[in-house]
Amino acid sequence: MRIALVSMPWRRPNNAAIGLGLLKAHALKQGAERCDVIYANDWWFRFVKNRLPESSPLARASYNEMARVISELAGVMHAGEWMFNRDLFPEALPSIEEFREIFTRAADTNPFFSHIDDFMIAAEGVSAFLTECELALDWSQYDAIGFSAVFYQLGPSLALAHRIRRRGYRGELLFGGPLCEGDVGKKLLELFPEIDLVFDGEADTSFARYVNARTKGEGGELPGVWARSPDGIQRAPHEPLATMDDLPRPDYSDFFAELDRYGPVRRSELAFPIEGSRGCWWGARHHCIFCGLNGADMSYRAKTPARIHSELTDLIARYGITHFAFTDNIVSPKVMRPLFDIFKQEPLNVTFHAEIKANLNRRQVQQYRDAGFIYLQPGIESLSSNVLSIMNKGITALDNIACLKYCREAGITAFWNLLHAFPGESEQDYQLTLRLLPALVHLNPPEVVTAMRLTRFSPSFDRSEELGFRNKRPARFFHYVFPFDEMHLKDLVNSFEYDFEDGFDRKAYVKQIEEFAARWRDERQTGHLVYDPCGGKGGGSALVDSRYTRRVDVHELTALENLIILVTDRPVSCDAVQTECARVLSASEAEVALALDRLEHLLFIVREGKTYLSLAMSDDKFIPWQAIAAIEQINRVPFHEPDELAFA
């Protein structure tokens, strides 16, 4: 049996498709004669780069930067799917001129909005690109062609699959990935007759059985696969993988062959995927209400630390990889602690990116940095404990801020988002956020400020009425992406809008937060707040403050202020501060309260309720912005959002 597995746009070119690499390994293990992974997403970005006029800044930018900018715009309103779906439905979807007007109104707050002309040039070339894809290979040589549907890949995959079938392809066309999970797979078979099978959820077991059966010339029912039958479109029960160490090692030979042939991305620019676990250890106990990443299977399963280290060692030796991105929803401390011990014994001298739960102390954050994690993505989402409680995050706002502080101290770039528009949030939550933001500008700013959107498989989707989300409906922009009515869209798309009544208008607050975050991103390397135990004129302690919101320079601390700064290095209750100040300095409650107010007024500490946190970074641990920038320049790795596994 000969198989092609196709990765269409909008996967970025700086990482391999781990899901397709896994499926290739499964296919070869099951006796497939040949299995090729086709990186058509790389073809696409080379195609776009060559079409841009010389006057375009993106034409002069690096290939990786160009791909990043175009991909970011593709995510606005699923515009990347619209441009490819126009090839499927040329008369039913908005023209380029019509969509440009719609898109301009939606994207004008996007940091890459200035490149909209380049994005529309890309849109104009889709038909020519798909023709190139048709002619690039003899597709008839394959018995089956599989397409992954991750993030914004569904439209491009459907467009090429339709083209291949229209040219007379007689083999099986397969689809799989997060955008095909659950009943969406059934709807895809209903709406797109060119598709033969849709793999639901993790496809390790189902795809292996498929290849084994077809290699032997057998048909029949396959677990976890949507298929047409005389009784309609049906699916046998899904069988998720139980033991992660049973997985084969992904086969990335096609990715590196493509890289060596065209070489637009250097190995030092790769954010190479490494899988430590599936599911979510936190979500298995307390599912965050907005998260739909794991489909119907939240169960947490992890590889052993020894297996992870072995895979890393193999990839480094074989391909010269210097930076890895964990695909885990959030890495587990139970896995990482022993892995860190292995790293100490057998250093790898590479760097990492991972998503983490933000409830880490300074020592734990430093352990990540010592192990080479220069990028972390804490699941912060809000600066209000009330909203975090609504989300079911199991953490407080001050825990989140402490994590950002510890990352900043350690020289770790922390990526995080600010979400809003939750039933149950209040005006006070927005006011609290606006009060906190000016004090935090020496830390990493949020990447995105955005309203929460209901996603399929999340609690907010499955229990929308119970949680206060009313009038659930497909996001309005999908009417520009697919020419289907509401009935079909609700079973096809994965992003939904909603209403709720809370009695206040949040638009003005959101605008202020968005504007502040935008300036913060511009100013992100211009200030700090550092505790210096000997920085005062008389040799006493001081805070050195160069945040762009303050410009205080050096603030000499009194003995009481100094003690408070030390005591509140982590989130501490007011009672605990009072007790410690009375014990050490015999300070009265009134004196402590006055000092706390003064430090809060100067934005040296922040308070939520009756809990305080010092924002000052430790002088003996603080790593300057310039050093962090140097580390990032050496690695030359752009921000990578760990991917969901295509087809697996």
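Conventions we followed
Residues numbered from 1 in each chain as written. Predicted model: local features only at pLDDT ≥ 70, side-chain atom pairs only at ≥ 80, totals over all residues. Heavy atoms only, no water. Core = buried A, V, L, I, M, F, W, Y, C linked by side-chain atoms within 4.5 Å. Buried < 20%, exposed > 50% of the residue type's maximum accessible area, 1.4 Å probe, protein only. Helix = DSSP H or I, 4+ residues; strand = E, 2+ residues; numbered from the N terminus. Salt bridge = Lys/Arg side-chain N within 4 Å of Asp/Glu carboxyl O. pLDDT = per-residue confidence, 0-100. Contact = heavy atoms within 4.5 Å. Polar contact = N/O pair within 3.5 Å; in protein donor to acceptor, adjacent residues only side chain to side chain. Patch = residues over 30% accessible without salt bridge, like charges linked within 9 Å, V, L, I, M, F, W, Y side chains within 5 Å. Areas by Shrake-Rupley, 256 points an atom, 1.4 Å probe, with all protein chains shown as cover. Lys, Arg positive; Asp, Glu negative; His and termini not counted. Charge placed at Lys NZ, Arg CZ, Asp CG, Glu CD. Pairing = 2+ DSSP bridges. Expected span 1.5 Å × (residues − 1). Right-handed = clockwise from strand over helix to strand, strands pointing away.

Caption draft 1: Quick look at the nonpolar core. In terms of nonpolar packing, the biggest core is built from 215 residues, with W44, F103 and F207 touching the most fellow members. Considering every element that reaches this core, the biggest residue donor is helix 17 (residues 397-410), with 9 residues.

Caption draft 2: Spotlight on the pattern of salt bridges. Applying the stated criterion across every chain, the model contains 44 salt bridges. Its salt-bridge partner being R362, residue D569 comes within 2.4 Å of it at the nearest N-O pair. In this pair, D569 sits in the loop between helix 24 (559-567) and strand 23 (572-573) while R362 sits in helix 15 (residues 362-370), placing the two residues 207 residues apart along the sequence. For R362, a relative accessible area of 18% puts it in the buried group. Sharing partners across several salt bridges, the network here consists of E202, D204, E275, R278 and R301.

Caption draft 3: View of unusual backbone geometry. Between P9 and the following residue, W10, the backbone shows a cis peptide bond with an omega angle of 25°. Along the polypeptide, W10 turns up in the loop between strand 1 (2-7) and helix 1 (18-29). We note that H78 has phi near 55°; this positive angle belongs to a residue other than glycine. Tracing the sequence through the fold places H78 in the loop between helix 4 (63-74) and helix 5 (79-88). Residue classification places H78 among the buried positions, given a relative accessible area of 8%. Even without being glycine, N349 reaches a positive phi, approximately 55°.

Caption draft 4: Spotlight on the confidence of the model for the protein. Averaged over all residues, the pLDDT of the protein is 91; the fraction at 70 or higher stands at 96%. The low-confidence segment residues 634-648, where pLDDT is below 50, has 74 contacts with residues more than four positions distant or belonging to other chains.

Caption draft 5: Up close: the side chain of E202. In this fold, E202 is placed in the loop between strand 5 (197-199) and helix 11 (204-215). Here R278 takes part through its side chain, which lies 3.4 Å from a polar atom of the side chain of E202.

Caption draft 6: How the structure looks around a positive patch on the surface. A contiguous patch of positive charge, built from R285, K334, R337 and R363, is present on the exposed surface. Note on placement: K334 falls in helix 14 (residues 333-345). With relative accessibility at 70%, the residue K334 sits in the exposed group.

Caption draft 7: Spotlight on the sheet that holds strand 18 (residues 470-474). Strand order in the open sheet formed by 3 strands is 17-19-18, and the pairing between neighbours is antiparallel. Only two strands of the sheet have a single neighbouring strand rather than two, namely strand 17 (454-455) and strand 18. The sheet contact formed by strand 17 and strand 19 (residues 495-499) spans 2 bridges and is antiparallel. Bridge assignment links L454 to a residue of strand 19, and that residue is F496.

Caption draft 8: How the structure looks around helix 11. With 12 residues, helix 11 extends 17 Å from end C-alpha to end C-alpha; this agrees with the ideal 16 Å at 1.5 Å per step. By the burial criterion, the buried members of helix 11 are D204, S206, F207, A208, Y210, V211 and A213. Once helix 11 finishes, G217 follows within two positions and takes phi at roughly 80°, a positive value.

Caption draft 9: Structural view of helix 7 (residues 116-124). In terms of burial, helix 7 is largely enclosed, as 7 of its 9 residues are buried. By the burial criterion, the buried members of helix 7 are I116, D118, F119, M120, I121, A122 and A123. In the core, the buried residues of helix 7 are packed alongside helix 2 (40-51), helix 3 (57-60), helix 4, helix 5, helix 6 (96-107) and helix 8 (126-136).

Caption draft 10: A look at the environment of A451. Tracing the backbone shows A451 in strand 16 (residues 448-451). Classification of A451 as partly exposed rests on a relative accessible area of 35%. Between the C-alpha atom of A451 and that of I274, which follows or precedes it by 177 residues, the distance is 30 Å. Non-local contacts of A451, meaning those with residues more than four positions away in its chain, are made with H420 and A421.

Caption draft 11: Molecular detail of the side chain of D328. With respect to the secondary-structure elements, D328 resides in the loop between strand 11 (323-326) and helix 14. Buried charge without a salt bridge: D328, with K303 as the nearest opposite-charge side chain at an N-O distance of 8.1 Å.

Caption draft 12: Region of the structure containing the pairing of strand 11. Burial along strand 11 is two-sided: H323 and A325 and F324 and F326, pointing in opposite directions, are all buried. Bridge analysis of strand 8 (residues 272-274) against strand 11 gives 3 bridges, and the strand direction is parallel. When the bridges of strand 11 are listed, I274 appears paired with F326. Regarding topology, helix 14 serves as the crossover connection from strand 11 to the parallel strand 12 (residues 351-356), and that connection is right-handed.

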